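# Observations on the model geometry
Residue-level listing of the chains:
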Protein chains: 4
Amino acid sequence: MIKIGIVGGTGYTGVELLRILAVHPEVEVKCITSRSEAGMSVADMYPNLRGHFDLAFSEPDPVVLSQCDLVFFATPHGVAMRMMPELMNAGVRVVDLSADFRIKDLDVWSRWYGMPHESSEWAAKAVYGLPEVARDEIRQAQLVANPGCYPTAVQLGFLPLLEQGLVDPARLIADAKSGASGAGRQGNIGMLHGEVGESFKAYGASGHRHLPEIRQGLSQAAGKSVGVTFVPHLVPMIRGIEATLYAELSDPADFDRLQALYEERYRNEPFVDVMPFGSHPETRSVRGANQCRMALHRQEQSNIVIVSSVIDNLVKGAAGQAVQNMNIMFGLDETLGLNAPALLP
Amino acid sequence: MIKIGIVGGTGYTGVELLRILAVHPEVEVKCITSRSEAGMSVADMYPNLRGHFDLAFSEPDPVVLSQCDLVFFATPHGVAMRMMPELMNAGVRVVDLSADFRIKDLDVWSRWYGMPHESSEWAAKAVYGLPEVARDEIRQAQLVANPGCYPTAVQLGFLPLLEQGLVDPARLIADAKSGASGAGRQGNIGMLHGEVGESFKAYGASGHRHLPEIRQGLSQAAGKSVGVTFVPHLVPMIRGIEATLYAELSDPADFDRLQALYEERYRNEPFVDVMPFGSHPETRSVRGANQCRMALHRQEQSNIVIVSSVIDNLVKGAAGQAVQNMNIMFGLDETLGLNAPALLP
Amino acid sequence: MIKIGIVGGTGYTGVELLRILAVHPEVEVKCITSRSEAGMSVADMYPNLRGHFDLAFSEPDPVVLSQCDLVFFATPHGVAMRMMPELMNAGVRVVDLSADFRIKDLDVWSRWYGMPHESSEWAAKAVYGLPEVARDEIRQAQLVANPGCYPTAVQLGFLPLLEQGLVDPARLIADAKSGASGAGRQGNIGMLHGEVGESFKAYGASGHRHLPEIRQGLSQAAGKSVGVTFVPHLVPMIRGIEATLYAELSDPADFDRLQALYEERYRNEPFVDVMPFGSHPETRSVRGANQCRMALHRQEQSNIVIVSSVIDNLVKGAAGQAVQNMNIMFGLDETLGLNAPALLP
Amino acid sequence: MIKIGIVGGTGYTGVELLRILAVHPEVEVKCITSRSEAGMSVADMYPNLRGHFDLAFSEPDPVVLSQCDLVFFATPHGVAMRMMPELMNAGVRVVDLSADFRIKDLDVWSRWYGMPHESSEWAAKAVYGLPEVARDEIRQAQLVANPGCYPTAVQLGFLPLLEQGLVDPARLIADAKSGASGAGRQGNIGMLHGEVGESFKAYGASGHRHLPEIRQGLSQAAGKSVGVTFVPHLVPMIRGIEATLYAELSDPADFDRLQALYEERYRNEPFVDVMPFGSHPETRSVRGANQCRMALHRQEQSNIVIVSSVIDNLVKGAAGQAVQNMNIMFGLDETLGLNAPALLP
């Protein structure tokens, strides 16, 4: 059994990790920390876990965490980069669900996250944990930076086009929409039901923290710097991201082979599903499941490729992908604990 | 492996059966029937099942169904009572998720369901499948009538009071609320998102089909005929039932032992969870899980016991309870395939 | 033009007052106060008011407020009772939307609101502003205590039964359900969309602040002390309250005249609508409208009267009723500014 | 008083017309037709209208309709083009809310709507009723083709850019999202609450009927044929459209004057509101109101103009714009009956 610690477990990614790990056959959760809720039973905060965990939240204790095989950080940005080095030195492996190690250019990171980076050494060693791109590096990694939710949906949708150099890399548009759980579980007036319900809006349209992460991943896939416009939107629902992606095909004749290309690219990926050409993936078809589902579209007389890509932001966009990374790191079947179908309806 | 057939699989209980059975280690779904969708792949209708089932809907064929060990009927009322006898005679066991065999008094049944009953023989033999009441009979049964969704939540909440004779059985009130999936998946204008969303209402307040089923179960528990008022309501959500139950305690001094009584009554029940006195169960705490969660309340200077009881109408209120019954019928661990925590948030 | 001041305008009742007053032909809003948002334009906080008001929030200033003809308090409990006496002494009339003056027994008030009452003099003079009960007193009042949202829906539904002495006053049950805007606009984790959406629960089932207010009003109608059980629930929607009321008819023969009784009781009430017997009022049928809509039900062989009563908690349950009271106080047509139909769908 | 007829009044645009006309001081609704519901009281179908209209649905009768000054068609596509000529010949003026007269190229129309056009004469005379573009023609028109919902939000957002020739007209992208009421009120399984709730998806991504209408309007504004990609999405809410628009600025220096350009373009438009640069319009800020609200964005180092534009699809996207057109046609104040603020929250 893999001994697991979770740092910062009171948020939505924390409870989602516990939900997934509750039925994972090869792990044992040894501790889950929260400074603010230390002493509170996990099941008192999250009654869906009653009967599944006896655990209480505890103060983060490096000694206890060091005895774990793997520690997940589900903390606000800036915490992991401070706490993690001590664990790394003790040989613990870490999957960081925060943004601390996602961006390689630390100047860019500092600008978008509003603080200096405090662990450039580990930032250099961290592996960006998108298994569909970096499975082998993840296997060896001591520190995995779990991708952001939007970047997961957007990168997986664009990858085949950019890897094959089929589209104009300077003209990528990603119009993305997310449920409210993406904003976390904090006392934020703007995220009240009375504010979010029955309404729809763009936000961060002039610049969102996931933009540099998306740009980094797409540039790597394209082998050159890309130009991407990314606008996120808030949907009155809890879980789910849909990204509608637009790219300009250099040679319209390539439309004929796009579907085959996508199917081939993801043929062996257990968690990416390419639907038939012209399908419309629904976010509910991945609710609670570690799955990215996508489909391609073309409008008449147009050379714009349209890709619609959906994930559950808390699963393939956070906790599920983190467990997928854990499975890879520990040589387990990559799908272990991640096999249940989505909850539909 | 238990060979499973599903008759009438295109509705919400059908897809929910498949979702649960997809991860059940001891079953194999051999066929799923639908007259209207024969030939269509299950995964085309329910994309959450892509990769989980290769099955297509087929015309119901008694020969094929007769080769199953167990057949679930997820059909509209009136279908099972006609189709099932042939299967029973072939030795197949049946769990009927429709209302055909829930009510013992066939005159009452006919009046509420608007048709004569066509299988009085099997109606007499059918076991009402509420495991918390009839586990032993279910184990032996060839035909199990799976309880209705409201009746499950209401009966489990009232049972300890009635079994112990602590309340006035003539003055029971059950104010129940359900998400929209309870109405099934049919082209009903009243269930459009534009009609259901952002609104709340009572329905069936002058009399609902689940009233006689509730009355039958509560009368059996009380050992005498009860008087119960039952009003269902429609909640703008998809899954979940909450029932707030009111009963008048004969001796207010009994308030002191109610919590212990409930905990004792359900101590060994894997799927009933009694929360601490004064808690408020949320439907989301059981979303997707085969669980009934409840709590007790008292208001100052009052001798009214208040019980709040929640289930997922598609799981403990339908498909999950059906699989629980199957597990019992086949001598499996009762919780097999039903262990995952609820999806929260 | 009536000069209006609003104290505490940043919450949902504040913006709702402005929405209604924006089209009221006889008022002019002179000031709206908020300590926390002083200086901010009203339209910046509530963009639906862009083009309707040029006003900015200001620090509450007794001099400015004293120049108003009427001041609405849309403040947290405890504020009006401290600020209001100075205005009263200056001859200003006040409609208090908080709970400060709703309960006549100040010991009861203190116990439920957790603070001593600081204005017993005005508490004695305040008129409880339910126009259907106290229209004449409201007309003369200097201080009107605007009823709570649940108490409005519950009282209007029970009134005819109690006034006529037709039911057992010791056995009243009010099972009420509210949208999330009832909890106000504060950074409360429990009211996040991620917590409220797609879930349903009871809350305050052991005792809620509206219980003593309901008990006071019903006791007055009955002419004797009543026993009432009141359980509120949270519905995943923004606006709307439905209350399902249960009462035991002393003489079942009275069922035959109940519908006529209700219609007669409310025949001249512009904002109470009695639907045909057996109807099911929807909260959306009153969304945004100053209306209470209700219907009666009976189940077979039962002597329980069932009343379903709906309001918009922010309108007839708060700001709309406050404007109705204002219209009465100033001798205007009671429906002025309150005539638009509900927003459906 | 203007005598009004409504043909096809049972859908969401029909009830919305009635909601708006109920408080319009210069109209009298003489008849509202529905073949399927003839004889039913309007208020029985739409209880929000109880007390506002005494009207019942009637069979469409050309004699009665011919006595109206204005007839609104709120019918499925294909009905108005058959019924309307007789009324036109009788001198009645018509606002058609269906798509029958929106597209000038009848070959295009036939291809997208799947039927031959039966009134080419009137198609040529019809005025496309976007007041911000064609106010003078509307004033004179006998037949106004009321614009589609998406086309209204998209055209108003793009117009200033195209009229001034500032962007590449071959590379326009409109990513649009709509609430479920846009699909109308029909027994469509895909629009059930259980299907739409808590999910998000693109639809019609390979081609939607509003695409040719959008292309026609934008081409007219640009003075040349434009290339536009339009992808609609379904949002789990009832009302509201948000369109996020992307266009490539020919000269990035023009960014400095865009905000002023938009404000100037819409300075005298009562129903278009340009928010400050970098704002995020919410659909709820226009719920129930005849308003289009928009804002501009730029991302760092980008020459893509981003416009976010919101409307209520049933108001500025349908019934409200129809009444605005009526006001213009009859020389009334354009804002009459359309002045109430949006319902927020």
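Residue positions are counted from 1 within each chain, in the order its sequence is given. In the order they appear in the text, chains get letters beginning with A and ligands get numbers beginning with 1. The predicted nature of this model means local features are confined to residues of pLDDT at least 70 and side-chain atom pairs, given and counted, to a pLDDT of 80 or more, with totals for whole chains, interfaces and linings taken over all residues. Just so you know, side-chain values use all the structure's heavy atoms and leave hydrogens and water out.

### Quick notes on the relation of the copies chain C and chain A
All copies are superposed by least squares; the fitting set is the C-alpha atoms of residues with a pLDDT of at least 70 in both. Once chain C has been moved 0.0 Å along the axis and rotated by 180 degrees, it coincides with chain A to within an RMSD of 0.0 Å. Such a combination of turn and shift is consistent with a two-fold rotation axis. Any two residues whose heavy atoms approach within 4.5 Å are treated as being in contact. Residue by residue, 100% of the interface of chain C is reproduced at the interface of chain A, so both copies engage with the same surface.

### So, the confidence of the model for chain A
Values of pLDDT, which run from 0 to 100, indicate the predictor's confidence residue by residue. Of all residues in chain A, 100% attain a pLDDT of 70 or more, and the chain-wide mean is 97. The ipTM for the predicted assembly is 0.98, set against a pTM of 0.98.

### Side note on the sheet that holds strand β8 (residues 172–178) of chain B
All names here are of chain B. Strands were regarded as paired on the criterion that DSSP finds at least two bridges between them. Only DSSP runs of H or I with at least four residues qualify as helices, and only runs of E with at least two residues qualify as strands; both kinds are numbered from the N terminus onward. With respect to topology, seven strands assemble into an open sheet ordered β9-β10-β8-β11-β14-β13-β12, the strand pairing being mixed. The strands lining the two open edges of the sheet, one partner per strand, are β9 (201–202) and β12 (272–274). Contacts from helix α8 (residues 149–163) reach β8, β10 (228–234), β11 (241–248), β12, β13 (292–297) and β14 (304–311) within the one sheet, and its direction differs from that of β11 by about 30 degrees. Helix axes are fitted to C-alpha atoms over the stretch in contact, other axes to C-alpha atoms as well, and angles between N-to-C directions run from 0 to 180 degrees.

### Notes on the interface of chain A and chain D
In this complex, chain A contributes 51 residues to the contact, which on the side of chain D involves 51 residues. A 1.4 Å probe defines the accessible area here, and the buried area is the portion of it lost by two parts on being joined, summed over both. Three residues, A:E198, A:F200 and A:Q299, lead the burial of chain A against chain D; their summed loss comes to 17% of the area buried on that side. One side-chain nitrogen of Lys or Arg within 4 Å of one carboxyl oxygen of Asp or Glu is enough to make a salt bridge. On inspection of chain A and its partner chain D, the count reaches 10 salt bridges. Note that D:D175 is salt-bridged to A:K177, the shortest N-O span being 3.2 Å. Contributions of two or more residues to the side of chain A that touches chain D are made by α5 (106–113), β8 (172–178), α9 (193–196), β9 (201–202), α10 (210–222), β10 (228–234), β11 (241–248) and β14 (304–311) of chain A. The greatest single-element share of the side of chain A that touches chain D, amounting to five residues, is contributed by β10(A).

### What about the relation of the copies chain A and chain D?
Superposition of the two copies of the chain requires a rotation about an axis and a shift along the axis. Note on the copies: chain A fits chain D at an RMSD of 0.0 Å, the axial shift is 0.0 Å, and the rotation between them is 180 degrees. A high fraction, 100%, of the interface residues of chain A reappear at the interface in chain D, so the copies pair face to face through one surface.

### Quick notes on the interface of chain C and chain A
Taken together, the contact between chain C and chain A spans 19 residues of the former and 19 residues of the latter. Summed over both sides, the interface of chain C with chain A buries roughly 1500 Å², with 64% coming from carbon and sulfur. In terms of surface lost to chain A, no three residues of chain C exceed C:L192, C:H193 and C:I238, which account for 41% of the buried area on that side. The interface formed by chain C and chain A includes two salt bridges. Here C:E195 makes a salt bridge to A:R185, at a shortest N to O gap of 3.4 Å. Whenever two N or O atoms come within 3.5 Å, that pair is a polar contact, provided that in protein one can donate a hydrogen and the other can accept it, and provided that, for residues adjacent in sequence, both atoms are side-chain atoms. At the surface where chain C touches chain A, the tally comes to nine residue pairs in polar contact (both at pLDDT 80 or more). If you tally residues by element for the side of chain C that touches chain A, the top one is helix α9 (residues 193–196) of chain C, at four residues. Here the term charged refers only to Asp, Glu, Lys and Arg, the term nonpolar to Ala, Val, Leu, Ile, Met, Phe, Trp, Tyr, Cys and Pro, and the term polar to all other amino acids, Gly among them. Its residues assigned to classes, the side of chain C that touches chain A comprises nine nonpolar, seven polar and three charged.

### A short note on the pairing of strand β10 (residues 228–234) of chain C
Residue and element names in this part refer to chain C. Burial runs high along β10: seven of the seven residues are buried. Burial along β10 is two-sided: V228, F230, P232 and L234 and T229, V231 and H233, pointing in opposite directions, are all buried. The pairing of strand β9 (residues 201–202) with β10 spans two bridges and is classified as antiparallel. Bridge pairing links A202 to H233 in β10. The classification of residues rests on relative accessible area computed with a 1.4 Å probe and restricted to protein chains. Under 20% of the type maximum is buried, over 50% is exposed, and intermediate values are partly exposed.

### Considerations on the side chain of A:Q321
Residues and elements named next belong to chain A. Mapped onto the elements of the fold, Q321 is located in helix α12 (residues 315–329). The class of Q321 is buried, set by a relative accessible area of 0%. Those residues in contact with Q321, other than ones at most four positions away along the chain, are G129, L130, P131, E132, N146, P147, T152, N290, V315 and K316.

### Some thoughts on the pairing of strand β11 (residues 241–248) of chain D
All names here are of chain D. Of all eight residues making up β11, eight are buried, and the element is well covered by its neighbours. Burial along β11 is two-sided: the face carrying I241, A243, L245 and A247 and the face carrying E242, T244, Y246 and E248 are both buried. Both strand β8 (residues 172–178) and β11 contribute to a ladder of six bridges, which runs antiparallel. For I173, the partnering residue across the bridge sits in β11 and is Y246.

### Here's the deal with the packing of aromatic side chains
Each pair of aromatic rings taken from Phe, Tyr and Trp, with Trp reduced to its six-membered ring, is defined by centres within 6.5 Å and is described as stacked if the planes are under 30 degrees apart, edge-to-face if over 60, and tilted in the remaining cases. Taken as a whole and judged by the stated rule, the model has 10 aromatic pairs over all chains. Here the aromatic rings of B:Y150 and B:F230 are separated by 5.2 Å at their centres, their planes lie at 70 degrees, and the arrangement is edge-to-face. Placement of the pair is B:Y150 in helix α8 and B:F230 in strand β10, with a sequence separation of 80 residues. B:Y150 gets classed as buried once you look at its relative accessible area, which sits at 2%. Their ring planes at 20 degrees and their centres at 5.1 Å tell us that C:W109 and C:Y113 sit as a pair that is stacked. Within this pair, C:W109 and its partner C:Y113 are both found in helix α5 (residues 106–113), separated by four residues, close to a single helical turn. Its relative accessible area of 0% is what places C:W109 among the buried residues. Only when the NZ atom of a Lys or the CZ atom of an Arg is both within 6 Å of the ring centre and within 35 degrees of the ring normal do we say a charge sits over the ring. C:R93 extends its terminal NZ or CZ atom over the ring of C:F330, reaching a point 5.2 Å from the ring centre.

### Looking at the pattern of salt bridges
Under the criterion given, the structure shown has 109 salt bridges over all chains. Salt-bridge contacts for A:D254 lead to A:R257; the nearest nitrogen and oxygen are separated by 3.1 Å. Its salt-bridge partner being B:E282, residue B:R284 comes within 3.2 Å of it at the nearest N-O pair. Overall, B:R284 belongs to the buried group, its relative accessible area being 4%. Through salt bridges that share partners, A:D175, A:K177, A:E242, D:D175, D:K177 and D:E242 make up one connected network.

### Points about the sheet that holds β9(A)
Residue and element names in this part refer to chain A. Taken in spatial order, the seven strands of this open sheet run β9-β10-β8-β11-β14-β13-β12, and their pairing is mixed. Because the sheet does not close on itself, it has two edges, and the strands there are β9 and β12 (272–274). Alignment of β12 against strand β13 (residues 292–297), held across three bridges, turns out to be parallel. Pairing of D273 across the sheet is with R293, part of β13.

### Some words on the environment of C:G190
All names here are of chain C. Here G190 is to be found in the loop between β8 (172–178) and α9. Between the C-alpha atom of G190 and that of G8, which follows or precedes it by 182 residues, the distance is 23 Å. With sequence-adjacent residues up to four places away left out, G190 is seen in contact with E195 and V196.

### Description of the domain arrangement of chain A
Residue and element names in this part refer to chain A. An automatic or database domain assignment is the source of the domain bounds shown. Domain boundaries assigned for chain A yield domain 1 (2–125) and domain 2 (150–313). Measuring from the centre of the C-alpha atoms in domain 1 to the corresponding centre in domain 2 gives 27 Å. Counting each side, the surface lost to burial between domain 1 and domain 2 is near 1200 Å², with a carbon and sulfur contribution of 54%. The largest share of the area that domain 1 buries against domain 2 comes from Y12, R102 and W112, three residues that together contribute 51% of it. R239 serves as the salt-bridge partner of E16, at 2.6 Å between the closest nitrogen and oxygen. Connecting domain 1 to domain 2 are five residue pairs in polar contact (both at pLDDT 80 or more). The set of elements that each furnish at least two residues to the side of domain 1 that touches domain 2 consists of α1 (12–21) and α5.

### Looking at helix α1 (residues 12–21) of chain D
Most of α1(D) is tucked away, with nine of its 10 residues classed as buried. Among all positions of α1(D), only D:Y12, D:G14, D:V15, D:E16, D:L17, D:L18, D:R19, D:I20 and D:L21 are buried. Next to the buried residues of α1(D) lie α9 (193–196) of chain B together with β1 (2–7), β2 (27–33), α2 (42–45), β4 (70–73) and α12 (315–329) of chain D.

### Quick notes on the environment of B:M294
All names here are of chain B. Within the element layout of this structure, M294 appears in strand β13. Through-space distance from the C-alpha of M294 to that of E282 is 9.2 Å; in sequence the pair is 12 residues apart. Leave out the neighbours within four places in its chain, and M294 touches L156, G157, Y262, Y266, V272, D273, V274, M275, P281, V307, S308 and S309.

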